[in-house]
Amino acid sequence: MTDNIAFIDLAAQQKHLKADIDEAIATVLAHGKYIMGPEVAQFEQEAAAFCGAKHGIGCANGTDALQLALMALNVGPGDAVFVPSFTFASTAEVVPSLGATPFFVDCQDDTFNIDPENLKVAIADAKAAGLNPAVVIPVDLFGLPADYDAIEAISAENGMKIICDSAQGFGATYKGRITGSIGDLTTTSFFPAKPLGCYGDGGAIFTNDDDLAAMIRSLRVHGKGTDKYDNVRIGMNSRLDTLQAAILRPKLAAYAEEIEARNRIASRYNSGLAGLKLTTPHTPNECRSVWAQYTVKLEDGLTQADMQAALKEKGVPSVVYYPLPLHQQTAYADCPSVSTGLPNSESLSKRVLSLPMHPYMDEATQDRVIEAVRSAAA
């Protein structure tokens, strides 16, 4: 019987960093400051320095990070927030909770990220419907930065703010800029399976704007003012746990090296999977992914179900991200979408397949994956 390969091998990373992580946890247990202990501020400063942002603010998870960012921008009823349909639900689900309207935009077929030209159409549609184009939330899907030059130009022309959803892409590079330092605000997630993950839930917001940073620091602790019992605005309870911040510090110290490893593994995949009935991921010039997922597109004649079954027989896991675009999901059936439709989102949901990816994958294991895929997709 063939041993199964791990899709994301968190145990391998833990083994590599175990001494530093154990020491970090022991330090927290010794000082006992479990809420907003010193490790939180230390990690916030280190993470901001890593990406080149002025401010880093930890919070409870990546979804809260998005909501806090929207709250800081005073998004509310009558506002349209443009989001890609081909992504995880968190990007859109925070918008209705503030009374605003999520407006779905199609993605590019090659990068999987939001299509700037389609965004222009969606903005015109929103205006025609009487909505105020307020914010766009590009997603750095699978670890690849969105096309920020184009998005920034469109946003400036329409007086819109940009919240970069880099839950999967923190630390990626776009034309010399590192995700976290792009847009009015950047949000990320430290869910364990993310490229930079903790051992529970965690998230953060990054910004270069002093006022937005101060607002978010208040909002994440019930809207507090100078005194915790003087709440000056309606906020929420969304703090990054001290233990999680402590765990993230040694992980962040190793992160640059892990990004190098992820890119080396992705390059081996690209070479090993050439010439098959599938398309390997496209990385535009001057961009560098952190490869949260390595996702191929199946060509005609190959189905996700058949490919997954063939790979499973050889002990190789695979995952479909995402089998149903958001605009087709029940919860968002009444939300507006771009008038031209979302053909790429709908097509990709039936064609994408993600393969095992993590920075500690050895070449022998990766070769097993490549051999299994070649056997199924030749």
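In what follows, the accompanying structure is described.

Analysis parameters
Numbering of residues starts from 1 in every chain and runs along the sequence as written. Residue-level local features of this predicted model are given only where pLDDT is at least 70; pairs of side-chain atoms are given and counted only at 80 or more, and the full residue set underlies all totals for whole chains, interfaces and linings. Note that the side-chain values use all heavy atoms of the structure and ignore hydrogens as well as water. Axes here mean lines fitted to C-alpha atoms, for a helix over just the part in contact, with angles spanning 0 to 180 degrees between N-to-C directions. Secondary structure counts use DSSP, requiring at least four H or I residues in a row for a helix and at least two E residues in a row for a strand, with both numbered from the N terminus. Crossing handedness follows the turn of the near helix against the far one: under a right angle anticlockwise gives a left-handed crossing, and clockwise gives a right-handed one. A contact between two residues is defined here by any heavy atoms of the two lying within 4.5 Å. Whether two aromatic rings pair depends on their centres lying within 6.5 Å, for rings of Phe, Tyr and Trp, where Trp uses its six-membered ring; planes under 30 degrees apart make the pair stacked, over 60 edge-to-face, and the rest tilted. A 1.4 Å probe rolled over the protein chains alone gives each residue an accessible area, and that area as a share of the maximum for its type sets the label: buried under 20%, exposed over 50%, partly exposed in between. By definition here, a salt bridge exists when the distance from a side-chain nitrogen of Lys or Arg to a carboxyl oxygen of Asp or Glu is within 4 Å. Buried Ala, Val, Leu, Ile, Met, Phe, Trp, Tyr and Cys residues that are joined via side-chain atoms within 4.5 Å together make up what is termed a nonpolar core.

**Here's the deal with the packing of helix α1 (residues 10-31) against helix α8 (residues 242-253)**
And step 1. With their axes 8 Å apart at the nearest point, α1 and α8 run at an angle of 140° to one another. At the point where α1 passes α8, the crossing takes the right-handed sense. Residues Gln13, Leu17, Asp20, Ile21, Ala24, Ile25, Val28 and His31 of α1 lie in contact with α8, whose contacting residues are Thr242, Leu243, Ala246, Ile247, Pro250 and Lys251.

**Some details on the packing of aromatic side chains**
And step 1. Under the definition given, this model contains 18 aromatic pairs.
And step 2. Aromatic side chains Phe170 and Tyr255 sit 6.4 Å apart centroid to centroid with 5° between the ring planes, which places their arrangement in the stacked category. Remark: Tyr255 occurs in helix α9 (residues 255-272) and Phe170 occurs in the loop between β5 (161-165) and β6 (173-174); sequence separation between them is 85 residues. You'll find Phe170 and Tyr255 in the same group, each marked buried.
And step 3. Pairwise contacts between aromatic rings join Phe7, Phe86, Phe88, Phe112, Phe142, Tyr321 and Tyr322 into one cluster.

**Considerations on the pattern of salt bridges**
And step 1. The tally for this structure, following the rule as stated, stands at 13 salt bridges.
And step 2. With its nearest N and O atoms 3.2 Å apart, the salt bridge here joins Lys120 to Glu117. Of this pair, Lys120 and Glu117 both sit in helix α5 (residues 116-128), three residues apart, which is roughly one turn of the helix.
And step 3. A residue is classified by how much of its surface remains accessible, and Lys120, at 41% relative accessible area, is partly exposed.
And step 4. Among the salt bridges present, the one from Glu152 reaches Arg177, with a minimum N-O distance of 2.9 Å. You can see Glu152 sitting in helix α6 (residues 148-158) and its partner Arg177 sitting in strand β7 (residues 177-178), a full 25 residues away along the chain.
And step 5. Classification of Glu152 as partly exposed rests on a relative accessible area of 25%.
And step 6. Salt bridges sharing partners connect three or more residues here, namely Asp149, Glu152, Lys175 and Arg177.

**Things to note about the nonpolar core**
Note on soluble globular proteins: their nonpolar side chains tend to be buried together.
And step 1. Membership of the largest hydrophobic core comes to 58 residues, with the highest contact counts inside it found for Leu70, Val81, Phe82, Val135 and Ile163.
And step 2. In terms of residue count, the dominant contributor to this core is helix α3 (residues 62-72) (seven residues).
And step 3. Other than its neighbours up to four places away in sequence, Ile163 contacts Leu66, Ala69, Leu70, Leu73, Val135, Val136, Ile137, Pro138, Leu185 and Thr187.
And step 4. Cys107, Tyr294, Met361 and Ile370 belong to the second largest nonpolar core, which has 34 residues in total.

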